Amino acid sequence: MPTTPATAAQISPEIASNGVQPSGAPAPIMLELVDEDGRTIGTAEKLAAHQAPGQLHRAFSVFLFDESGRLLLQRRALGKYHSPGVWSNTCCGHPYPGEAPFAAAARRTFEELGVSPSLLAEAGTVRYNHPDPASGLVEQEFNHLFVGLVQAEPRPDPEEIEDTAFVTPAELAERHAAAPFSAWFMTVLDAARPAVRELTGPSGGW
């Protein structure tokens, strides 16, 4: 499992497809569309890519653990248009077109949580199709998974994150039974479990 020190590079969103950004208007956020094997085939605006039935696009999911082997969860901010107020993994998002998934994962972890992982490692990929009943949006994603360690105290951006919590496997099970989680959470966690177990050791319980 290759490991690399994480960095929080600042990368600007793609500008409009014609290369001209309207004066005073924010550039659209573009996602990278992929085929079933994860090969890039084009781009699409972020919201359009999530509207039913969804367009398959590249994404990433991060799972960070403290030195005790507890998983850092985040509760998504109530103001987010997609899956607001639900619990989910440490960080998830989409690389900009042409951005490496590893770089995007490190960048968004810092932007959302105010911390850089002390270790970040690739943990495979998973493809899924998860509709969100509340919003009607659809997650058609080819998701790159990452696991790692965090040693600093999170300083979450309130526009992105409502709350955070470090949980053991037992605490996660209790929370998952009692509170709403993102539609994709268990899919990405289960796909990342082999790497999580390698990171946290057999006594971690993951």
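Sequence order sets the numbering: in each chain, residues are counted from 1 along the sequence as written. With the structure being a predicted model, the display of local features is reserved for residues of pLDDT at least 70 and the display and counting of side-chain atom pairs for 80 or more, all residues being used for whole-chain, interface and lining totals. Only heavy atoms go into the side-chain values, all of them from the structure, while hydrogens and water stay out.

Visitor: Talk me through the overall build of the protein; I want residue IDs and the actual numbers.
Guide: Scanning the protein from N- to C-terminus turns up 4 helices and 10 strands. Mapped in sequence order, the helices and strands of the protein form the string β-β-β-α-β-β-β-β-α-β-β-β-α-α. Out of the 206 residues belonging to the protein, those deemed buried represent 48%. Excluding contacts between residues fewer than 6 apart, the proportion of contacts in the protein whose partners are at least 24 apart in sequence is 67%. Helix and strand labels come from DSSP, where a helix needs a run of H or I of at least four residues and a strand needs a run of E of at least two; each type is numbered from the N terminus. Working definition: with a 1.4 Å probe on protein chains only, accessible area under 20% of the residue-type maximum means buried, over 50% means exposed, and in between means partly exposed. Two residues form a contact once any of their heavy atoms are found within 4.5 Å.

Visitor: So, unusual backbone geometry: which residues are in play, and what are the values?
Guide: Between alanine 52 and the following residue, proline 53, the backbone shows a cis peptide bond with an omega angle of 5 degrees. As for its placement among the helices and strands, proline 53 is situated in the loop between α1 (46-50) and β4 (57-65). Its identity as a non-glycine residue notwithstanding, serine 83 has a phi of 55 degrees, on the positive side. The class of serine 83 is buried, set by a relative accessible area of 6%.

Visitor: Run through the UniProt feature "active site" (unreviewed entry) in the protein, naming residues and quoting values.
Guide: Under the local residue numbering, the UniProt record ascribes the feature "active site" (unreviewed entry) to Cys92 and Glu141. In three dimensions, the annotated residues from a span of 50 residues occupy one location, with a maximal C-alpha spread of 11.5 Å. Looking only at the residues we just named, the largest pocket is lined by Cys92 and Glu141. Checked against the element boundaries, cysteine 92 lands in strand β7 (residues 91-93). Ignoring sequence-local partners within four residues, the contact set of cysteine 92 consists of Phe60, Ser61, Arg76, Glu112 and Trp184. Mapped onto the elements, glutamate 141 comes out in strand β9 (residues 138-149). Setting aside residues no more than four positions away along its own chain, glutamate 141 makes contact with His50, Leu56, His57, Ala59, His94, Val126, Arg127 and Tyr128. For the purposes of these results, a polar contact is taken to be a pair of N or O atoms within 3.5 Å, where, inside protein, one atom must be able to donate a hydrogen and its partner to accept one; residues adjacent in sequence count only when each atom of the pair is a side-chain atom. Looking at glutamate 141, its side chain comes within polar contact range of the side chain of histidine 57, at 3.1 Å. UniProt positions are given in the numbering used here, feature names are shortened, and annotations may be inferred rather than shown by experiment. For each structure, a 1 Å grid was placed over the protein atoms alone; sets of points admitting a 1.4 Å probe that cannot get out are labelled cavities, open sets with protein on both sides within 12 Å along at least five of seven lines are labelled pockets, and lining residues have an atom within 4 Å of a point.

Visitor: Can you break down the side chain of arginine 58 residue by residue, with the values?
Guide: Mapping arginine 58 onto the fold places it in strand β4. Residue arginine 58 is classed as buried on the basis of its relative accessible area, which comes to 8%. Of the polar contacts made by the side chain of arginine 58, one reaches the side chain of glutamate 32; its length is 2.6 Å. Within the local environment of arginine 58, its side chain forms a polar contact with the side chain of histidine 144, the two groups lying 3.0 Å apart.

Visitor: If you had to explain helix α4 (residues 185-200) to someone new, which residues and values would you point to?
Guide: Taking 1.5 Å per residue as the helical rise, α4 with its 16 residues ought to reach 22 Å, whereas the 19 Å between its terminal C-alpha atoms falls clearly short. Among the residues of α4, Phe185, Val188, Leu189, Ala192, Arg193, Ala195, Val196 and Thr200 are the ones counted as buried. Looking at the packing, one finds that the buried side of α4 touches β4, β5 (71-76), β6 (87-88), β8 (119-131), β9 and α3 (169-178). Within two residues after α4, glycine 201 carries a phi angle of roughly 85 degrees, on the positive side. Every helix has an expected span of 1.5 Å times one less than the residues it contains.

Visitor: I'd like a description of the pattern of salt bridges, backed by residues and values.
Guide: Within this document, salt bridges are pairs made up of a side-chain nitrogen of Lys or Arg and a carboxyl oxygen of Asp or Glu, the two lying within 4 Å of each other. All chains considered together, the criterion is met by 12 salt bridges. Residue aspartate 37 is joined to arginine 39 by a salt bridge in which the shortest nitrogen-to-oxygen separation is 3.2 Å. Put simply, glutamate 111 and arginine 107 hold a salt bridge, and the shortest N to O gap is 3.3 Å. With glutamate 111 and arginine 107 both in helix α2 (residues 101-113), this residue pair falls 4 residues apart, about one helical turn.

Visitor: Tell me what's going on with the nonpolar core, and back it up with residues and numbers.
Guide: To form a nonpolar core, buried Ala, Val, Leu, Ile, Met, Phe, Trp, Tyr and Cys residues must be joined to one another through side-chain atoms within 4.5 Å. Core analysis: the largest hydrophobic core is formed by 24 residues, its most contacted members being Phe63, Leu71, Leu73, Val147, Leu172, Phe185 and Val188. Taken together, the elements giving at least two residues each to this core come down to β4, β5, β8, β9, β10 (161-167) and α4. Among the elements that line this core, the one with the most residues is α4, at 6 residues. Setting aside residues up to four positions removed in sequence, leucine 71 forms contacts with Phe63, Leu64, Phe65, Thr90, Ala165, Phe166, Val167, Leu172 and Trp206. Listed in part, the 15 residues of the second largest apolar core include Phe60, Val62, Leu72 and Ala105.

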